[in-house]
Amino acid sequence: MNKRLKVSLLVIAVMLVAGTFYGIYVARNNYIEKLLAQYPTYGDPPYMERGMIPDVQVLVEYSDVVIVGQVNKSVDKYTVTFEGNKATPEGALEEKSRSMGNEPNRTEFITTQIKVLDVLAGSLEGEEILITRSCEFDGYQPELIPGEKMVFFLRKGSGVHEGKYLPVDNLCGYIYITSDDKIVPVVKEDKYRKYVGISLNSFKKQIGSFKK
């Protein structure tokens, strides 16, 4: 085999390999866009400014428990009145506002019953838990639709939220699970795109590597 023929065959082989990888890349991106079109994604409210969206490892580190859960039903709504610490600027401002006859700052919360299907990090007793969420973020956090499965990153509630769990982050604290057990992050952020469409089992292994 002469040298020119060898070079030609090598070029053809390289082109075939490159074409195969490009085809895989295109198919992967098309699959991602298809999933993202089926599941709504969210961003922070315009009045919120934060320098960086936490990644999955940070969510695990700040969570008391990470679960795979299925939404059962909304249970109740309750209103919490802000009781600020007078020693803080926010608390002092709230106190001054009340002294001027203004209504206290109140936030409505809604509680949803969740069936626990698997515990990925932390510990949990019982097959059902209650998750409470601030209605202030409606439109900027996913709806919890009965029957839907999701990954939840949660912290234990205290005070008026005792006995309940809250999302560790109102935006990033949820991940959709498709009918064929693939995952779709809720947040619009490039660092989460790599998780779109991977299997739930693969994601579980990553969560396991992040455990405290």
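Criteria and cut-off values
Residues numbered from 1 in each chain as written. Predicted model: local features only at pLDDT ≥ 70, side-chain atom pairs only at ≥ 80, totals over all residues. Heavy atoms only, no water. Pairing = 2+ DSSP bridges. Helix = DSSP H or I, 4+ residues; strand = E, 2+ residues; numbered from the N terminus. Buried < 20%, exposed > 50% of the residue type's maximum accessible area, 1.4 Å probe, protein only. Arc of directions from axis to C-beta. Contact = heavy atoms within 4.5 Å. Phe/Tyr/Trp six-rings, centres within 6.5 Å; stacked < 30°, edge-to-face > 60°. pLDDT = per-residue confidence, 0-100.

This next bit is on the pairing of strand 1 (residues 65-81). Sheet topology note: the strand 1/strand 2 (residues 106-122) ladder contains 15 bridges and is antiparallel. Along strand 2, the bridge assignment pairs glutamine 70 with lysine 115. When strand 1 meets strand 4 (residues 149-156), the two strands line up antiparallel, connected through six bridges. Residue pairing for strand 4: valine 66 is matched across the bridge by phenylalanine 153.

It is worth spelling out helix 5 (residues 200-210) at this point. Inspection of helix 5 places Leu200, Phe203, Ile207 and Phe210 among the buried residues, and these make up the whole buried set. Projection of helix 5 onto a plane perpendicular to its axis shows the buried side chains occupying an angular sector of 70°, all on one side. Exposed and facing more than 90 degrees away from the buried side of helix 5 are Asn201, Lys205 and Ser209. For helix 5, the secondary structure elements touched by its buried residues are helix 2 (56-62), strand 1, strand 2, strand 4, strand 6 (174-177) and strand 7 (183-185).

To continue, consider unusual backbone geometry. Within the chain, aspartate 181 stands out as a residue other than glycine whose phi angle is a positive 60°. For aspartate 181, the position within the fold is in the loop between strand 6 and strand 7.

For the rest of this paragraph, the subject is the pairing of strand 6. Look at any regular strand and the pattern is simple: side chains alternate between the two faces of the sheet. Burial along strand 6 is two-sided: the residues Tyr174 and Tyr176 and Ile175 and Ile177 are all buried. Relative to strand 6, strand 4 runs antiparallel, the two being bridged by three bridges. Looking at the pairing, phenylalanine 152 lines up with tyrosine 174 of strand 6. Where strand 6 meets strand 7, three bridges bridge the pair, whose relative direction is antiparallel. Across the sheet, residue isoleucine 175 finds its bridge partner in strand 7, namely proline 185.

On to the packing of aromatic side chains, then. One pass over the full model with this rule turns up four aromatic pairs. Ring centres of tyrosine 39 and tyrosine 176 lie 5.1 Å apart, and the angle between their planes is 40°; on these two criteria the pair is classed as tilted. Linking tyrosine 39 in the loop between helix 1 (3-38) and helix 2 with tyrosine 176 in strand 6, this pair joins segments that are 137 residues apart in sequence. Considered together, tyrosine 39 and tyrosine 176 belong to a single accessibility category, that of buried residues. Between the aromatic rings of phenylalanine 152 and tyrosine 174, the centroid separation amounts to 6.1 Å while the plane-to-plane angle is 75°, which identifies the pairing as edge-to-face. With a gap of 22 residues between them, phenylalanine 152 in strand 4 and tyrosine 174 in strand 6 connect regions that are remote in the sequence. A relative accessible area of 0% places phenylalanine 152 in the buried class. The exposure class assigned to tyrosine 174 is buried, which follows from its relative accessible area of 1%. Pairwise contacts between aromatic rings join Tyr192, Tyr195 and Phe203 into one cluster.

Our next topic: the confidence of the model for the protein chain. Looking at the protein chain, the pLDDT average stands at 78 and 69% of residues meet or exceed 70. Confidence, expressed as mean pLDDT per element, reaches its minimum in the protein chain at helix 3 (residues 89-99) with 52 and its maximum at strand 4 with 95. Below pLDDT 50 for its whole length, residues 86-93 participates in seven contacts with residues either more than four positions away or in separate chains.

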